[in-house]
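Descriptive analysis of the structure
Residue-level listing of the chains:
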Amino acid sequence: MNSASAVQTIGILTSGGDAPGMNAAIRAVARTAWARGINVKGIYRGYKGLLDQDIFEMHHTFTRNIITNGGTALYTARCLEFKELEYQKKAADILKDQGIDGLVVIGGDGSFRGAQALARQGINTVALPGTIDLDIACTEYTIGFDTAVNTAMQAIDKIRDTASSHDRCSIIEVMGRDAGFIALWCGIACGAEDILIPERFDGNRPKLVYNLIEGINDKKKSTKKHHMIINAEGIGHSYGMAKDIEAATGVETRATILGYMQRGGSPTAKDRVYATYMGSLAVDLLAAGATNRVVGYRNGQFVDDDIEEALSMPRKDIDEYELEMAKMLGRR
């Protein structure tokens, strides 16, 4: 053991939705801890696995080659009961019984709240932002977003090829129930004519479809025949929109929902490198005696904030200039 470290055994868990790059973070946490003389234990299936005591002694072989894999080698699960104080105390007692005095949690806002709860029960905790949605207020980067956007972009490029061959209108629905970052980035990267995001949707679906139809009819007057619409999951109803557009414009219209393919796949270099940096930093914070922290990335630097402050930050919004730029370019 390392007497210079404030913690002797670090536990690692992944919680909420999986995201490419989580394995890079797991690997970095474990290998940095071992380099510091700190013991490592893995916790399967997030907070649910913690309550079920699905905990194991992690050895070097566990981290071999996982950096290239999507998903999470520790698996993940939802755990609604962890919102209750009774189960938070039970989890803290389990960690203490296992000799785990430092915990790294990889996940989104809900996972942060779980880490915050455990910190209140005397467990040193550091959280890493792992979500493809990029919707965590305290950070400009989240583990998995870059891979998800690139996966969706490649699929959209292929759809555009056939859409242009058939003079079609294509509606491609990407993930993002409450956040439109994936839709916006894909729309810009793929040159979409329209980008539909939940942050700018007023709930008036007939008006939305009417505006799309007007835009497509305008485009019919030009030499450009195909039309691409990127639709965020939070707006949805892509198949219904396609039928309405085709009926009103006479343009053959197809809808494609990309779905969970955006969560999978080998992570990009950025997700591997940034997740690795965050994982190593998490261990250094715990070794220095920090707790109730969340690692983020802002203004070109990796930073850490108090979880209380991170969760109280205003909801992250879409960059208005990016959105207006995308609209302007899409009309040309």
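Above this text is the structure in question.
My aim in this report is to walk through the structure given alongside it, one point at a time. Since the structure is predicted, the reported quantities are computational estimates derived from the model, not experimental observations.

Our focus in this paragraph is the sheet that holds strand E6 (residues 169-174). Within the open sheet, the four strands sit side by side as E7-E8-E6-E9. Their pairing is parallel. In this open sheet, the two edge strands, each paired with only one partner strand, are strand E7 (194-196) and strand E9 (253-257). Strand after strand, the sheet turns through a mean of 15 degrees between neighbouring axes, direction not considered. Inspection of the sheet shows E6 paired to E9 by five bridges, in the parallel sense. Across the sheet, Cys169 pairs through a bridge with Thr253, a residue of E9. Across the sheet, helix H6 (residues 181-190) is in contact with E6, E7 and strand E8 (227-232); its angle to E7 comes to roughly 170 degrees. Sitting on the sheet, helix H8 (residues 238-249) touches E6, E7, E8 and E9, and the angle it makes with E9 is about 170 degrees.

Right, let's talk about unusual backbone geometry for a bit. At Asn65, a residue that is not glycine, the phi angle is positive and equals roughly 65 degrees. Within the fold, Asn65 resides in the loop between strand E3 (55-57) and helix H3 (85-97). Positive phi is not limited to glycine here, since Asn292 has a value of about 60 degrees. Following the sequence through the fold, Asn292 ends up in the loop between helix H9 (269-287) and strand E10 (293-298). On the basis of relative accessible area, Asn292 is assigned to the buried category, the value being 9%.

Basis of the calculations
Residues numbered from 1 in each chain as written. Predicted model: local features only at pLDDT ≥ 70, side-chain atom pairs only at ≥ 80, totals over all residues. Heavy atoms only, no water. Pairing = 2+ DSSP bridges. Helix = DSSP H or I, 4+ residues; strand = E, 2+ residues; numbered from the N terminus. Axes fitted to C-alpha atoms, helices over the stretch in contact; angles between N-to-C directions. Contact = heavy atoms within 4.5 Å. Buried < 20%, exposed > 50% of the residue type's maximum accessible area, 1.4 Å probe, protein only.

In short, geometric facts, not functional conclusions.
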